[in-house]
Amino acid sequence: VDAFQAWCGPCKTVVDLFRKIRNEVGSDLLHFAVAEVDSVDALEKYRGKCEPVFLFYAGGELVAVVRGANAPLLQKTILEQL
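The name given to the protein chain in an unreviewed UniProt entry is TXND6 protein, with Stercorarius parasiticus as the source organism.

(A) Highlighting the environment of Gly-26. Mapped onto the secondary structure, Gly-26 falls in the loop between α1 (15–25) and β2 (34–36). Distance from Gly-26 to Val-53, taken between C-alpha atoms, is 23 Å for residues 27 residues apart in sequence.

(B) Focus on helix α2 (residues 71–81). What α2 keeps buried is the set Leu-74, Thr-77 and Ile-78. All buried residues of α2 lie within an arc of 100° about the axis, which places them on one face of the element. Of the exposed residues in α2, those oriented more than 90 degrees away from the buried face are Pro-72 and Glu-80. Among the structural elements, α1, β3 (53–58) and β4 (61–67) are those in contact with the buried residues of α2. Where α2 begins, the capping side chain belongs to Asn-70, and its oxygen is found 3.1 Å from the backbone nitrogen of Leu-73.

(C) The packing of α1 against α2, seen in detail. As a packed pair, α1 and α2 sit with axes 11 Å apart at the nearest point and diverge in direction by 30°. As the angle between them shows, α1 and α2 are arranged roughly parallel. The two elements α1 and α2 meet at a crossing, and its hand is right-handed. Residues Leu-17, Phe-18, Lys-20, Ile-21 and Val-25 of α1 form the contact with α2, whose participating residues are Ala-71, Leu-74, Gln-75, Ile-78 and Leu-79. Class assignment for the residues of the contact of α1 with α2 results in eight nonpolar, one polar and one charged.

(D) Looking closely at the nonpolar core. Core analysis: the biggest nonpolar cluster contains eleven residues, these being Val-14, Leu-17, Phe-18, Ile-21, Leu-30, Phe-54, Phe-56, Ala-64, Val-66, Leu-74 and Ile-78. The biggest single contributor to this core is α1, with three residues. Val-37, Tyr-46, Val-53 and Leu-55 belong to the second-largest nonpolar core, a separate cluster that totals seven residues.

(E) Here's a closer look at the environment of Ala-69. Structurally, the position occupied by Ala-69 is in the loop between β4 and α2. It is 8.0 Å that separates the C-alpha atoms of Ala-69 and Val-53, two residues lying 16 residues apart in sequence.

(F) Representation of a nonpolar patch on the surface. Among the surface-exposed residues, Val-1, Tyr-57, Leu-62 and Val-65 lie close enough to one another that they form a single nonpolar patch of about 310 Å² accessible area. On the secondary structure map, Tyr-57 appears in strand β3.

Quick notes on the rules
- Residues numbered from 1 in each chain as written.
- Predicted model: local features only at pLDDT ≥ 70, side-chain atom pairs only at ≥ 80, totals over all residues.
- Heavy atoms only, no water.
- Helix = DSSP H or I, 4+ residues; strand = E, 2+ residues; numbered from the N terminus.
- Buried < 20%, exposed > 50% of the residue type's maximum accessible area, 1.4 Å probe, protein only.
- Arc of directions from axis to C-beta.
- Contact = heavy atoms within 4.5 Å.
- Polar contact = N/O pair within 3.5 Å; in protein donor to acceptor, adjacent residues only side chain to side chain.
- Axes fitted to C-alpha atoms, helices over the stretch in contact; angles between N-to-C directions.
- Parallel < 35°, antiparallel > 145°, perpendicular 65-115°, else oblique.
- Left-handed = near helix turned anticlockwise from the far one by under 90°.
- Nonpolar A, V, L, I, M, F, W, Y, C, P; charged D, E, K, R; others polar.
- Core = buried A, V, L, I, M, F, W, Y, C linked by side-chain atoms within 4.5 Å.
- Patch = residues over 30% accessible without salt bridge, like charges linked within 9 Å, V, L, I, M, F, W, Y side chains within 5 Å.
- Areas by Shrake-Rupley, 256 points an atom, 1.4 Å probe, with all protein chains shown as cover.
- Salt bridge = Lys/Arg side-chain N within 4 Å of Asp/Glu carboxyl O.

Here you go:
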């Protein structure tokens, strides 16, 4: 989940990376979503940050968090979690 604030918008710089990885691993294993933290109370702790935050869930549980648009770290985290 790309957690973002309305004043900053979703992190567009990693969309291509997400598409590439999803094409490689298949759409059944990997799903991407965006969430505006200002309108989701459960994401309140991510408000007021100027960096994108990427939340990784498996089985309904938060399993990893990556702060910042660090493409190599995002790719590594995605592949490790799969």
